[in-house]
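# Observations on the model geometry
Now for the letters of each chain:
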Amino acid sequence: MSRLSTEPRLADPDAVYALLMEAHRGLDEAASRMLDARLVLILANHIGDAQVLAEAIALARRAGEEEP
Amino acid sequence: MAGRFAPPRYAAPPPRRPGGEEAARVVVAGGGLVGLTVALDLARRGVEVVLLDEDDTVSTGSRAICFAKRTLEIYGRLGLGAKFLDKGVTWNRGRVFHGEREAYAFDLLPEQGHEYPAFVNLQQYYAEAWLVEACAATGRVELRWRHKVTGVESREDGARLSVETPAGAYTLRAEWLLACDGARSFLRDSLGLPFLGQVFRDRFLIADVVMRADFPSERWFWFDPPFHPGQSVLLHKQPDDVWRIDFQLGWEADPEAEKDPARVRARVAAMLGPAIPFELEWVSVYTFRCRRMERFRHGRILFLGDAAHQVSPFGARGGNGGVQDADNLAWRLAAVLAGEAGEALLDGYEAERIPAADENILNSTRSTDFITPKNPAARAYRDAVLQLARRHAFARPLVNSGRLSRPWSGQQAAPDAPVMRDGRADWLLRHIGHDGRFALVAREAEPPALPGVSAVILSDAPRPGALWDHAGLAAARLGLAPGEAALFRPDQILAGRAPAADGAALAALHAKALAR
């Protein structure tokens, strides 16, 4: 039984995407990687559920391995 | 500086009959921390032990250094606890620094009411020297220094050892052989038993430094400090003004060049600054390994400590894990030799100590993955955790500078608690296992008499002969309601609970613990 929600949940997806773009603006590759790492850790703690995280990680890996 | 340790030299006894054959009931191969501990535990249970060691002195350098609470309780049971407390440096607090700043601090024993602290730092050579004295004092341990095992044959009825000494060789037939001969175990390799696991691509420099310094009695761990950029450093205080410093070097470091005293001095000076004079006592370079044997029991040969399992040092799980192996095995073997239990009791040693070793390996591997990131992503997550930990409590539990040794989570060791006995302050644990027997602790009840079991009465009010639980901590930590009893094995591990009046249930718990 999946606990990870993959239904569309964002009221304003363009605004959320813009937030992410804005967060990385002006950062070099290393700084961007650090930002993403901090962000993942903050969100992981907010989710607070190892099962949800495991499903999210599996999905992220799988999506990267699929044909473009 | 005053009071430094002078390594003893122990006499090498000549073989009884050079070229001949001898027999012994129990042979311990290896006179390090674990071999000496199991020999002492067995001897205190009345078992005659022959201990073989190829050297004639104790270990060099601080080595195991951090003795955890459970290990101290085991040494308390073996009559050496006060020595550790008196000589060792007690600490409960760890601090983690990242760059120039403190990331966070943690307290390992936040609660009061235990005879032993979370940790005592002590050079391993002190512990070994005390164990040698204590073994000799029992009159049951024959310490054979410079007796080197050069061959082993496993047999149905024991093991046959070829032994070389300065005064000639001999054959030693052991009914039981306890292999405590360390990570590079000759016995394990001679028997062709695999030792599988993981090598971490990193190198560390350990230095025992003699200096007068005013760092507190705490464990200090630095990630990426200004004096050793890009790497980690660990500092521990020991007795006799000896400080243990572990420098992470990276995989590319040349282990021989790094041992050069001038180079080590430069590293230490960069850390301490110019004002603190120091001298080097011991220097070593090591690589981490996490591995274990598939089985710890091979017929009449049992493996303990580093011979059976090896962990990386962050977390202090090597020496402590090995002492806890000895604690687990000694009472079982003594019971088998006394005819109180069948050999099946020894299978419990493996059944408990293999998962315990796996837990130590898991924790130690995770610490090493944090301290030695394997790739740029791992490094980014590590640094992100450290950055966040400064201001945000949620990130602090993710900081892993070593998950410090805890007893195996699959069982419950008897808790300690302050009690009063006939008007005097006492400790609960001193009445559990200290006489070598099972202990039945009953609250506000007279426990039934069971053969081989000592009765301990825990009372809510002062009563002659009983342990008065004046602070209420003993009952709370034991989880005992009035009229309930808890049975502990001779190694202070909980065998089970039952109503104190239910003699049949308690006798069944006792029989089960003895694999009857």
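Scroll up to find the structure.
Computed from a predicted model, the values in this text were never measured in an experiment.

## A word on empty space enclosed by the protein
Residues and elements named next belong to chain B. Under the definition given, this model contains one cavity of 30 Å³ or more. Considering only enclosed or pocket space, the largest cavity measures out at about 110 Å³ in volume. Looking at the lining of the largest cavity element by element, the count peaks at three residues for helix α8 (residues 318-337). The class makeup of the residues in the lining of the largest cavity is four nonpolar, four polar and five charged. For the lining of the largest cavity, the two domains that each supply at least three residues are domain 1 (21-88 + 119-196 + 290-364) and domain 2 (418-513).

## Here's the deal with the interface of chain B and chain A
Contacts between chain B and chain A engage 11 residues on the former and eight residues on the latter. In total, about 890 Å² of surface goes out of reach between chain B and chain A, with carbon and sulfur atoms giving 80% of it. Counting the surface chain B buries against chain A, the share from its top three residues, B:Tyr381, B:Leu388 and B:Phe394, is 50%. Here chain B is connected to chain A by zero salt bridges.

## Quick notes on the packing of helix α2 (residues 69-77) of chain B against α8(B)
Residue and element names in this part refer to chain B. Where α2 meets α8, the axes come as close as 9 Å, and the angle between the chain directions of the two elements is 40°. Here α2 lies oblique to α8, going by the angle between them. The crossing of α2 and α8 is left-handed. Counted together, Arg 70, Thr 71, Ile 74, Tyr 75 and Arg 77 of α2 and Asn 320, Val 323, Gln 324 and Asp 327 of α8 form the full contact between these two elements.

## Side note on the packing of aromatic side chains
The geometry of an aromatic ring pair comes down to the distance between the two centres and the angle between the two planes. Residue and element names in this part refer to chain B. One pass over the full model with this rule turns up 27 aromatic pairs over all chains. Centre to centre, the rings of Tyr 126 and Trp 130 are 6.0 Å apart; their planes meet at 40°, and the pair counts as tilted. Residue Tyr 126 and its partner Trp 130 are located together in helix α4 (residues 124-138), separated by four residues, close to a single helical turn. Owing to a relative accessible area of 10%, Trp 130 belongs among the buried residues under this scheme.

## Topic: the sheet that holds strand β12 (residues 195-199) of chain B
Residues and elements named next belong to chain B. Strand order in the open sheet formed by three strands is β12-β18-β21, and the pairing between neighbours is antiparallel. Where the open sheet ends on each side, the last strands, each with one partner, are β12 and β21 (309-310). Sheet analysis places strand β18 (residues 289-293) next to β21, joined by two bridges and oriented antiparallel. What sits directly across from Arg 291, in β21, is Gln 310. Sheet strands in contact with helix α9 (residues 344-371) are β12, β18 and β21, and its direction is about 165° off that of β18.

The rules behind each value
Residues numbered from 1 in each chain as written. Chains lettered and ligands numbered in written order. Predicted model: local features only at pLDDT ≥ 70, side-chain atom pairs only at ≥ 80, totals over all residues. Heavy atoms only, no water. 1 Å grid on protein atoms, 1.4 Å probe; cavity = no way out; pocket = protein on both sides within 12 Å on 5 of 7 lines; lining within 4 Å. Points joined across faces, edges and corners; volume = space filled by probe spheres on them. Helix = DSSP H or I, 4+ residues; strand = E, 2+ residues; numbered from the N terminus. Nonpolar A, V, L, I, M, F, W, Y, C, P; charged D, E, K, R; others polar. Domains from an automatic or database assignment. Contact = heavy atoms within 4.5 Å. Buried area = accessible area lost by both parts, 1.4 Å probe. Salt bridge = Lys/Arg side-chain N within 4 Å of Asp/Glu carboxyl O. Axes fitted to C-alpha atoms, helices over the stretch in contact; angles between N-to-C directions. Parallel < 35°, antiparallel > 145°, perpendicular 65-115°, else oblique. Left-handed = near helix turned anticlockwise from the far one by under 90°. Phe/Tyr/Trp six-rings, centres within 6.5 Å; stacked < 30°, edge-to-face > 60°. Buried < 20%, exposed > 50% of the residue type's maximum accessible area, 1.4 Å probe, protein only. Pairing = 2+ DSSP bridges.

Everything listed is a geometric property; what it means functionally is a separate question.
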